[in-house]
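Residue strings, one per chain:
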Amino acid sequence: MAIPKKMAGAMLPGNSTVEMGYFDVPVPGHGEVLIKMKSSTICGSDIRAIYHQHLGKGPEGYQKGKIAGHEPCGQVVQAGPGCRRFKDGDRVIVYHISGCGVCNDCRRGYMISCTSEQYRKAYGWQRDGGMAEYLLAEEKDLVLLPKELSYSDGAQVACGFGTVYEGLEKIGISGNDAVLVTGLGPVGLATAMLARAMGAKLIIGTDTVAERLALAKDKGLCDYVFPSGPDNVEQVRQLTGGMGVEKAIDCSANDKARLTCIQATRKWGKICFIGEGGTVTFQPSADIIHDQKTIYGSWVTNIWRMEELVERIVRWGIRPESLITHRFALDKVADAYALMASGKCGKVAVVFDEELK
Ligand SMILES: [Zn+2]
Ligand SMILES: [Zn+2]
């Protein structure tokens, strides 16, 4: 298939609108690949830090004029010179931060926290991302997409599912655990889906948005859902013999929901904070110390765990794309961001070619 010279791409100027631009299709250099985009999903962090206004600093600083989208999945159409593993035709997920490759964090596979100011660049933030027909990526940032999974499954792994899996692995989820998920946006729904796959038999969710509660229940991801409120701790205790859950994950970034996570977790339990921003107030002695609880923070994931995750998603027989409630073609990308900003949806995807359904 001939590669065109020009392509459309979407930028986020920061006033809750989307600006389309026309860009040269990049030519891959040494160790780089050109990817034909197939699915590019929208993340809560795009809305939180870029769409309304450019709030981010440092790693979350969006560079004006860059093509948005940090959850890209597509097919390699041109491998540059010096590529060692990936080749034309490969279906790939892009780990969404390109790191220097040689700092300690990169060597652990956590390019998310690469310490090089010069070389750390996130796709869709400091370098061009997936909301375009083609994407230039570094070969070292690629994860092979198993044939059993669709490109829209893969796009979800690029950020959301990878981030969730990391958090769940940190606190360790098994069939022993009752699990509380606060915040049932796409990350919270992914948390429930993976916790179930990892063995959890009782999953409880909270959110403020009725559509999200309904989605979590209808898709069988949560066994019980409650509107966020002051009774949540008591509601969770009633479902867990008065004890609380063994594991709780906050995906809301809301201060009260974080406190609910802490207080609705039983003695010796573990809590993981994934949702970004905001604050939380709790009483260290009463809320964690005397009950021997541990709070974990978790930021994205490493690339080897992402490789393991795609293998396990196939083994578990789950489909991340089932969380996508709306698909848009690239020329409707503005509608996609507006819908995601409204919160009245599951995951929202911009899709191409065979992913247009
Ligand atoms: Zn993201
Ligand atoms: Zn680095």
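Calculation rules
- Residues numbered from 1 in each chain as written.
- Chains lettered and ligands numbered in written order.
- Predicted model: local features only at pLDDT ≥ 70, side-chain atom pairs only at ≥ 80, totals over all residues.
- Buried ≥ 20, exposed ≤ 12 C-beta atoms within 10 Å, placed from the backbone.
- Helix = DSSP H or I, 4+ residues; strand = E, 2+ residues; numbered from the N terminus.
- Arc of directions from axis to C-beta.
- Contact = placed C-beta atoms within 7 Å.
- Axes fitted to C-alpha atoms, helices over the stretch in contact; angles between N-to-C directions.
- Parallel < 35°, antiparallel > 145°, perpendicular 65-115°, else oblique.
- Nonpolar A, V, L, I, M, F, W, Y, C, P; charged D, E, K, R; others polar.
- Domains from an automatic or database assignment.
- Pairing = 2+ DSSP bridges.
- Left-handed = near helix turned anticlockwise from the far one by under 90°.

Participant: Tell me about helix H10 (residues 333–342), and name the residues and values.
Facilitator: Along H10, the positions that sit buried rather than exposed are Val333, Ala336, Tyr337 and Met340. Along the axis of H10, the buried residues cluster in a sector spanning 95 degrees; they form a single face. The elements touched by buried residues of H10 are strand S1 (6–11), helix H1 (44–51), strand S16 (324–328) and strand S17 (347–351). The first or second residue beyond H10 is Gly343, which carries a positive phi of 80 degrees.

Participant: Explain the packing of helix H3 (residues 151–171) against helix H9 (residues 303–316) to me, and be specific about the residues and the numbers.
Facilitator: Working note: a packed helix pair is described by the angle between its axes plus the distance between those axes. Across the interface, H3 lies against H9 with an axial gap of 10 Å and an inter-helix angle of 95 degrees. In terms of orientation, H3 and H9 fall into the roughly perpendicular class. Residues Val157, Phe161, Gly162, Tyr165, Glu166 and Glu169 of H3 form the contact with H9, whose participating residues are Arg305, Met306, Leu309 and Val310. Considered class by class, the residues forming the contact of H3 with H9 number six nonpolar, one polar and three charged.

Participant: Quick rundown of the domain arrangement of the chain? Include the residues and the values.
Facilitator: On domain assignment, one finds that the chain holds domain 1 (6–145 + 319–355) and domain 2 (162–297). If you average the C-alpha positions of domain 1 and of domain 2, the two centres end up 29 Å apart. Contact residues are listed per partner, giving ten residues for domain 1 and eleven residues for domain 2. Residue contributions to the side of domain 1 that touches domain 2 peak at three residues, all from H1. The residue inventory of the side of domain 1 that touches domain 2, partitioned by class, reads two nonpolar, five polar and three charged.

Participant: Summarise the environment of Thr208; cite the residues concerned and give the values.
Facilitator: Looking at the element boundaries, Thr208 is found in the loop between strand S11 (202–207) and helix H5 (210–218). Separated by 44 residues in sequence, Thr208 and Ser252 have C-alpha atoms that sit 9.7 Å apart. Setting aside residues up to four positions removed in sequence, Thr208 forms contacts with Pro227 and Ser228.

Participant: How would you explain the sheet that holds strand S15 (residues 294–297) if you had to name every residue and give the values?
Facilitator: Strand pairing within a sheet occurs via backbone hydrogen bonds; the two strands may be parallel or antiparallel. Taken in spatial order, the six strands line up as S12-S11-S10-S13-S14-S15 in an open sheet, and their pairing is parallel. Looking at which strands have only one partner, the edges of the open sheet turn out to be strand S12 (224–227) and S15. Averaged over all neighbouring strand pairs, the angle between strand axes comes to 15 degrees, with direction disregarded. Both strand S10 (residues 178–182) and strand S13 (residues 245–250) contribute to a ladder of four bridges, which runs parallel. Along S13, the bridge assignment pairs Val181 with Ile249. Against the sheet, H5 engages S11 and S12, with an angle of about 175 degrees to S12.

Participant: Now, about the packing of H3 against helix H4 (residues 186–197): what can you tell me, with residues and values included?
Facilitator: In the contact formed by H3 and H4, the axes pass within 9 Å of each other and the chain directions differ by 55 degrees. Relative to H4, H3 is oriented oblique. Where H3 crosses over H4, the handedness of that crossing is right-handed. Of H4, the residues touching H3 (which contributes Gly160, Phe161, Thr163, Val164, Tyr165 and Leu168) are Pro186, Val187, Ala190, Thr191, Leu194 and Ala195. When grouped by side-chain class, the residues that make up the contact of H3 with H4 number nine nonpolar, three polar and no charged.

Participant: Run through the pairing of S17, naming residues and quoting values.
Facilitator: Remember that side chains alternate between the two faces of the sheet whenever the strand is regular. Of all five residues in S17, five are buried; the element is thus mostly enclosed. Judged by which residues are buried, S17 turns out to be covered on both faces: Lys347, Ala349 and Val351 on one side and Val348 and Val350 on the other are all buried. Here strand S3 (residues 32–41) runs beside S17; their pairing, made up of three bridges, is antiparallel. The residue of S17 that forms the bridge with Thr41 is Ala349. Both S16 and S17 contribute to a ladder of four bridges, which runs parallel.

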